[in-house]
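An overview of the molecular structure
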Amino acid sequence: MLRFTAGRSPQSRRLARTASGTRPSRRLAAALAVPVLLLTAAGCGSDDDGGSKKSAESSSKASESSKSAQGDGSKITVSGAFGEQPKISAPKDAKGSDKVRISTLTEGKGATVEKGAFVRLAFTVQSTQEGSPPKGTWNPEPGQDTKGPRREMVQRVGVGEGGGQVPAPVADALVGHKTGTRVWAEGTLKSMYGDKVQQNTDQTLVWVLDIVATGNADAKAEAKGEQAKPEPGMPEVKAESGKAAEITIPKGEKAPKELKEQILVKGDGPEVKAGDGLIAQYTGVLWDGGKKFDSSWDHGGATAFQIGTGSVVSGWDKGLVGKHVGDRVLLVLPAEQAYGSSPPPGSGIPADAPLVFVVDIVGKV
């Protein structure tokens, strides 16, 4: 499968290039691979939708002044209100606590984050090591479109290890907070990542996270309803409940040169808009030969990712924005709207391969 850290959905080549420092591998982590960058430098040994504007408007502005962690004498300070780019200030090579310390800068008034839910986050993460710049959703990637919705990360919280890019002690501390909340966390690499870090374990990281929205769906959720027959030239789909879809490529058909899409099951949920976090089940196969290379059903079920911001392959952005929760969507992606000449290593996807996906949209964040 594609090596995704916070879900299993196809990440944009630009993000994957940032994570690897070389060619695109299109990992999604829900959207950015910032911790990977920091840990690489440190010598890591291993690899409710209304929460945004309404919660931001209803949140206290007390966080506009600098604060230190829980008034415990920390020399690290964070300034900035919810919805604004935060500023982290620290003395040269400031040392963090051996235990992760969490502070609430702004408490929101939106929906409460439940254990196991997905959250959509704006964040900054920075090492206190001298010369380390901040990374995160407030810092556009090279070539990123800055005119549309800001890129954010979607991650499941309250599940311990494996939830996503934000380390478990930080992510799990978001449970119980409301959308519109800004929190920040301070700690050493060892305290945040445990035995995954083998060098520079006392290096300090500071995370600042805005809880923009939260939502959830059962891991086994799927589109329900009568499935339409494939349109001429489109693959045939057999979707057995609880299993990866079986996708059969039409014999003798050449791969389309443009994005092709069809709604197989029509849902009646809210519309998916650019910038939303989308919760989905999916299966992907190669157009040539029809071999499956990945499915959310092979990785624990429903996953989540931001849509319409370049966080996933462009064929997903173009084909899923405007659809509705409850839809089952068949997508045929030409290579240039999938992984192009640089598929993820070990994914089983050849270079310049057109791909086919079946996506069940089961929720929004």
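Residues numbered from 1 in each chain as written. Predicted model: local features only at pLDDT ≥ 70, side-chain atom pairs only at ≥ 80, totals over all residues. Heavy atoms only, no water.

With that settled, consider the pattern of salt bridges. In total, this model carries eleven salt bridges according to the counting rule given. Among the ionic pairs, Lys-190 bridges to Asp-195, the shortest N-O distance being 2.9 Å. Overall, the relative accessible area of 38% leaves Lys-190 in the partly exposed class. With relative accessibility at 65%, the residue Asp-195 sits in the exposed group. Across the pair Asp-360 and Arg-328 runs a salt bridge, and its minimum N-O distance is 2.7 Å. Taken together, the residues span a long stretch of sequence, with Asp-360 in strand E17 (residues 355-364) and Arg-328 in strand E16 (residues 328-333) at a distance of 32 residues. Of the two residues, Asp-360 and Arg-328, neither departs from the other in class, the shared state being buried. (Salt bridge = Lys/Arg side-chain N within 4 Å of Asp/Glu carboxyl O. Buried < 20%, exposed > 50% of the residue type's maximum accessible area, 1.4 Å probe, protein only. Helix = DSSP H or I, 4+ residues; strand = E, 2+ residues; numbered from the N terminus.)

Turning next to the nonpolar core. Among the nonpolar cores identified, the biggest contains 25 residues, and Trp-316, Leu-320, Leu-355, Phe-357 and Val-359 are the most heavily contacted of them. If you list the elements that add at least two residues to this core, you get strand E13 (277-286), helix H6 (314-320), E16 and E17. Each residue touching Leu-320, except ones within four places of it in the same chain, is listed here: Val-272, Leu-278, Ile-307, Val-329, Leu-331, Val-359 and Ile-361. Of all hydrophobic cores here, the second largest spans 21 residues; its members include Leu-121, Phe-123, Val-183 and Trp-207. (Core = buried A, V, L, I, M, F, W, Y, C linked by side-chain atoms within 4.5 Å. Contact = heavy atoms within 4.5 Å.)

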